[in-house]
Amino acid sequence: MLDELAAMPDQVEALMRRVPRERLAWKPDSWDGIPGERFSALEQACHLRDIEIDGYHVRFGRTLKERHPDLASIESYDLARERNYGADDVYRALAAFRAGRAETIAMLEQLSAGDWARTATFAEYGAVTLRGLAHILRSHDLQHLACLHWLLAKMD
């Protein structure tokens, strides 16, 4: 799973290279069928960055340091408005995501079997181990890769 998590920055950048620069902030007339948040390609990159750093770094850290912490979900659309995703730079967002994911991998590579088994309660997911959190992170990755494919399909 660590290899899959480590591959995500390359995967998302490969898809972003397919998006014409002038369409990075483009949004379709209808979001019917989107497999995740209704974000433009640019906003997808910003979301990945922020969920990695403000979401999973915090969640993994708390799960390692605290006894069965309650981990909050992040309201994606509020965060996008607060941080003005539409005015951000996609390449800066992708570089920050890449750096954040490298930190995640470095932390996860150091874990013992006992660390992986540590537990938390994570919002709508309920009770989860640290290993489970890593699986949820990978699921989140796949969801956003699917969103980017969906956007590319709508651009055709």
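Definitions and limits used
Within any chain, residue numbers begin from 1 and follow the written order of that chain's sequence. Under the rules for a predicted model, residues below a pLDDT of 70 receive no local features and side-chain atom pairs below 80 are neither given nor counted, while totals for whole chains, interfaces and linings still include all residues. Calculated side-chain values reflect all of the structure's heavy atoms, with hydrogen atoms and water omitted. Counting from the N terminus, the helices are DSSP H or I runs at least four residues long and the strands are E runs at least two residues long. For helices, the fitted axis covers only the stretch in contact; all axes are lines through C-alpha atoms, and the angles between them, taken along N-to-C directions, range from 0 to 180 degrees. Here roughly perpendicular refers to angles of 65 to 115 degrees, roughly parallel to angles under 35, roughly antiparallel to angles over 145, and oblique to all remaining angles. Any pair of residues with heavy atoms lying within 4.5 Å of one another is described as a contacting pair. DSSP calls a pair of strands paired once it identifies at least 2 bridges connecting them. Note on classification: 1.4 Å probe, protein chains only; a residue is buried when its accessible area is under 20% of the maximum for its type, exposed when over 50%, partly exposed between these limits.

A. Spatial organisation of the environment of Gly114. With respect to the secondary-structure elements, Gly114 resides in helix α5 (residues 113-116). In this structure, the C-alpha to C-alpha distance between Gly114 and Leu130, residues 16 residues apart in sequence, is 9.7 Å.

B. Summary view of the packing of helix α2 (residues 41-65) against helix α6 (residues 130-155). Taken N-terminus to C-terminus, the directions of α2 and α6 make an angle of 180°; their axes are 11 Å apart at the nearest point. Compared by their axis directions, α2 and α6 come out roughly antiparallel. Residues Ala41, Gln44, His47, Leu48, Ile51, Glu52, Tyr56, Arg59, Phe60, Thr63 and Leu64 of α2 touch α6, and the partners they reach there are Leu130, Leu133, Ala134, Ile136, Leu137, His140, His144, Cys147, Leu148 and Leu151.

C. Fine view of the sheet that holds strand β3 (residues 126-129). In spatial order, the strands read β1-β2-β3; together these 3 strands make up an open sheet with mixed pairing. Taken across any chain shown, the strands that pair with only one partner, and hence form the sheet edges, are β1 (70-71) and β3. In terms of strand pairing, β1 meets strand β2 (residues 119-122) through 2 bridges, oriented parallel. Across the sheet, Leu71 pairs through a bridge with Phe122, a residue of β2. Along the sheet face, α6 touches β1, β2 and β3 and points at about 100° away from the line of β3.

D. Main features of the environment of Asn84. For Asn84, the location among the structural elements is in the loop between α3 (76-82) and α4 (90-109). On the basis of relative accessibility, which here comes to 47%, the residue Asn84 falls in the partly exposed class. When the C-alpha positions of Asn84 and Cys46 are compared, they lie 9.5 Å apart, and in sequence the two are 38 residues distant.

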